[in-house]
Amino acid sequence: MGDKRSQIIKALKEAKGSPVSGEELGSRLGISRTMIWKYIKSLQADGYEIDSSPKRGYILKSVPQLLYPEEIQMGLKTTLLGKKIHYFEELSSTNSTAKEIALSEEEGALVIAEMQKGGRGRLGREWVSPQGGIWMSIILKPGVPLTHASRLTLVAGLAVANVIRDLGLDARIKWPNDVRVMGRKVCGILTEAKAEVDRVDYVIVGIGINVNMDLKDIPEPLREGSTTLKVELGRHVRRVRFLQDLLFEFEQQYINFKTQPFSQILNDWMALSDTIGREVKVTTPSRIIEGKAVGMTSDGALVIKKSDNTKEEVIAGRCVYEYSK
Ligand code: BTN
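The paragraphs below set out a description of the structure included in this document. Being a predicted model, the structure only gives us computed values, none of them experimental. (Residues numbered from 1 in each chain as written. Predicted model: local features only at pLDDT ≥ 70, side-chain atom pairs only at ≥ 80, totals over all residues. Heavy atoms only, no water.)

Considering the sheet that holds strand S12 (residues 302-305)
Thinking step 1. Taking strand neighbours across the sheet as the criterion, the 5 strands line up as S13-S12-S11-S10-S14 in an open arrangement whose pairing is antiparallel. The sheet is open, and its two borders are formed by strand S13 (311-314) and strand S14 (318-321), each paired with just one other strand. Geometrically, the sheet is characterised by an average inter-axis angle of 45° between neighbouring strands, direction not taken into account. (Pairing = 2+ DSSP bridges. Helix = DSSP H or I, 4+ residues; strand = E, 2+ residues; numbered from the N terminus. Axes fitted to C-alpha atoms, helices over the stretch in contact; angles between N-to-C directions.)

What to know about the pattern of salt bridges
Thinking step 1. On inspection of all chains with the given rule, the structure shows 26 salt bridges.
Thinking step 2. In this structure, Lys-258 and Glu-107 form a salt bridge, with 4.0 Å as the shortest nitrogen-oxygen distance. Linking Lys-258 in helix H10 (residues 239-259) with Glu-107 in the loop between helix H5 (94-101) and strand S4 (110-116), this pair joins segments that are 151 residues apart in sequence.
Thinking step 3. With its nearest N and O atoms 1.9 Å apart, the salt bridge here joins Arg-287 to Glu-312. Of this pair, Arg-287 sits in the loop between strand S10 (279-283) and strand S11 (288-296) while Glu-312 sits in strand S13; the two residues are 25 residues apart in sequence, bridging distant segments of the chain. (Salt bridge = Lys/Arg side-chain N within 4 Å of Asp/Glu carboxyl O.)

Observations concerning the environment of Gly-208
Thinking step 1. Summarising the element assignment, Gly-208 is placed in strand S9 (residues 200-209).
Thinking step 2. C-alpha of Gly-208 to C-alpha of Gly-168: the two residues are 40 residues apart in sequence and 20 Å apart in space.
Thinking step 3. Apart from the residues within four sequence positions on either side, Gly-208 is in contact with Trp-127, Ile-134, Trp-135, Val-186, Cys-187 and Gly-188. (Contact = heavy atoms within 4.5 Å.)

Thoughts on the side chain of Arg-239
Thinking step 1. Within the secondary structure layout, Arg-239 lies in helix H10.
Thinking step 2. Among the polar contacts made by the side chain of Arg-239, one reaches the main-chain carbonyl oxygen of Gln-65 at a distance of 2.9 Å.
Thinking step 3. With sequence-adjacent residues up to four places away left out, Arg-239 is seen in contact with Gln-65, Leu-66, Leu-67, Glu-114, Gly-132, Gly-133, Ile-134, Val-211 and Asn-212. (Polar contact = N/O pair within 3.5 Å; in protein donor to acceptor, adjacent residues only side chain to side chain.)

Overview of the environment of His-86
Thinking step 1. By secondary structure assignment, the location of His-86 is in strand S3 (residues 85-91).
Thinking step 2. For His-86 and Val-111, which are 25 residues apart along the polypeptide, the C-alpha to C-alpha distance reads 4.7 Å.
Thinking step 3. Separated by 2.8 Å, the side chains of His-86 and Glu-105 make a polar contact.

A look at the sheet that holds strand S5 (residues 134-140)
Note: strands within a sheet are paired through backbone hydrogen bonds, in either parallel or antiparallel orientation.
Thinking step 1. The 7 strands lie next to each other as S3-S4-S5-S9-S8-S7-S6, forming an open sheet whose pairing is mixed. Each having just a single partner strand, S3 and strand S6 (171-174) make up the two edges of the open sheet. The average angle at which neighbouring strand axes cross in this sheet is 20°, direction not considered.
Thinking step 2. Bridge analysis of strand S8 (residues 184-195) against S9 gives 9 bridges, and the strand direction is antiparallel. Residue pairing in the sheet places Cys-187 in a bridge with Ile-209 of S9.
Thinking step 3. Against the sheet, H10 engages S4, S5 and S9, with an angle of about 30° to S5.

Let's talk about the site of the ligand
Thinking step 1. For the ligand, the set of nearby residues contains 19 residues, the closest of which are Ser-93, Thr-94, Arg-120, Arg-122 and Lys-185.
Thinking step 2. Residue Gln-116 places a side-chain N or O atom 3.0 Å away from a nitrogen atom belonging to the ligand.
Thinking step 3. Arg-120 is positioned with one of its backbone polar atoms (N or O) 2.7 Å from a nitrogen atom of the ligand.
Thinking step 4. The protein chains hide 99% of the 420 Å² of surface that the ligand would expose on its own.
Thinking step 5. If you list the elements that add at least two residues to the shell around the ligand, you get H5, S5, S8 and S9.
Thinking step 6. With 4 residues, the top contributor of residues to the shell around the ligand is S8.
Thinking step 7. Taken together, the residues of the shell around the ligand break down into 5 nonpolar, 10 polar and 4 charged. (Near = heavy atom within 4 Å. Areas by Shrake-Rupley, 256 points an atom, 1.4 Å probe, with all protein chains shown as cover. Nonpolar A, V, L, I, M, F, W, Y, C, P; charged D, E, K, R; others polar.)

Side note on the packing of helix H7 (residues 151-166) against H10
Thinking step 1. At a minimum axis distance of 9 Å, the contact between H7 and H10 shows a crossing angle of 140°. By the criterion of interaxial angle, the relationship of H7 to H10 is oblique. The element H7 and its partner H10 pack so that their crossing is right-handed. In this structure, H7 contributes Arg-151, Leu-152, Val-155, Ala-156, Leu-158, Ala-159, Val-160, Asn-162, Val-163 and Ile-164 to the contact, and H10 contributes Phe-242, Asp-245, Leu-246, Glu-249, Phe-250, Gln-253, Tyr-254 and Phe-257.
Thinking step 2. Its residues assigned to classes, the contact of H7 with H10 comprises 13 nonpolar, 2 polar and 3 charged. (Parallel < 35°, antiparallel > 145°, perpendicular 65-115°, else oblique. Left-handed = near helix turned anticlockwise from the far one by under 90°.)

Overview of the nonpolar core
Thinking step 1. Membership of the largest hydrophobic core comes to 80 residues, with the highest contact counts inside it found for Met-136, Ile-164, Ile-207, Ile-209 and Phe-250.
Thinking step 2. In contact with Ile-209, not counting residues within four places along its chain, are Gly-133, Ile-134, Trp-135, Val-160, Val-186, Cys-187, Leu-229, Phe-242 and Leu-246.
Thinking step 3. If you look at the next biggest cluster of nonpolar residues, it comprises 9 residues, including Ala-102, Ala-113, Ile-139 and Ile-204. (Core = buried A, V, L, I, M, F, W, Y, C linked by side-chain atoms within 4.5 Å. Buried < 20%, exposed > 50% of the residue type's maximum accessible area, 1.4 Å probe, protein only.)

Written as structure tokens, this is what we have:
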């Protein structure tokens, strides 16, 4: 069904507002006019505005503003990411669903939801995911040891920051993986993996981006530290186009990750980081480390120079900037 629907959408889009008859569509796709009509009905039910006149044919008036696989895949320039997309209007968490299907899925498959009811953030926190954002999980099978899998979080942060920068915003990365604009968070990344002793079975890279929401859509306690692309740009963002660009950029970075020394990605990440050079306080389950962030190791650990001039590496934790120091 998906393939024929896509072909009909493509034909109607190519006609650029001129009518295309059911007969012509039917002969192009090798199916009856009645079948074409059934597909048109299902497209209309999904929000495609299609005029039909018995004499002239079908005219595409508008496409829905949703992340339908057909829309994303049309014009997608990737060779790996997004070839298969599991789409949901509502889900508990795309990461949870991705985990359920990851072993039997091909690398590059995506799980996308218009909204999440149980979105999960780092350190067991909730992730607020109303309509208008991009809530997505990418299934990867990089065949690397678990210690290297954490690097994919940096790859993702870099890719997201780059595409937001292409929109004209000064996106920066706060260690370990928040993408921020003007000091406010627009994106969070949650990487989860299943591994054997020597290598990972799969890595799920969950990416949540506040795109077309207003600040009122973000609950009060989080509002102050958060923003959305729409708020920062003062205009609506075409999510389908943005996601296509993100998938392409992520794929380029992923190819680099697999084929080049990691130092390249690390350097690019550091150049966009707004953590390096700052006084920070990092809280881990067992301790608090304070000092100046002076670098990052190739596995993504933050290097902190403490007041006694010794250095310490922290692999995970909650990081706050200490402005008063
Ligand atoms: C964080 O900054 O705490 C990470 C947030 C990650 C949110 C994304 S949204 C898509 C995917 N599904 C989830 O449940 N979480 C991630």
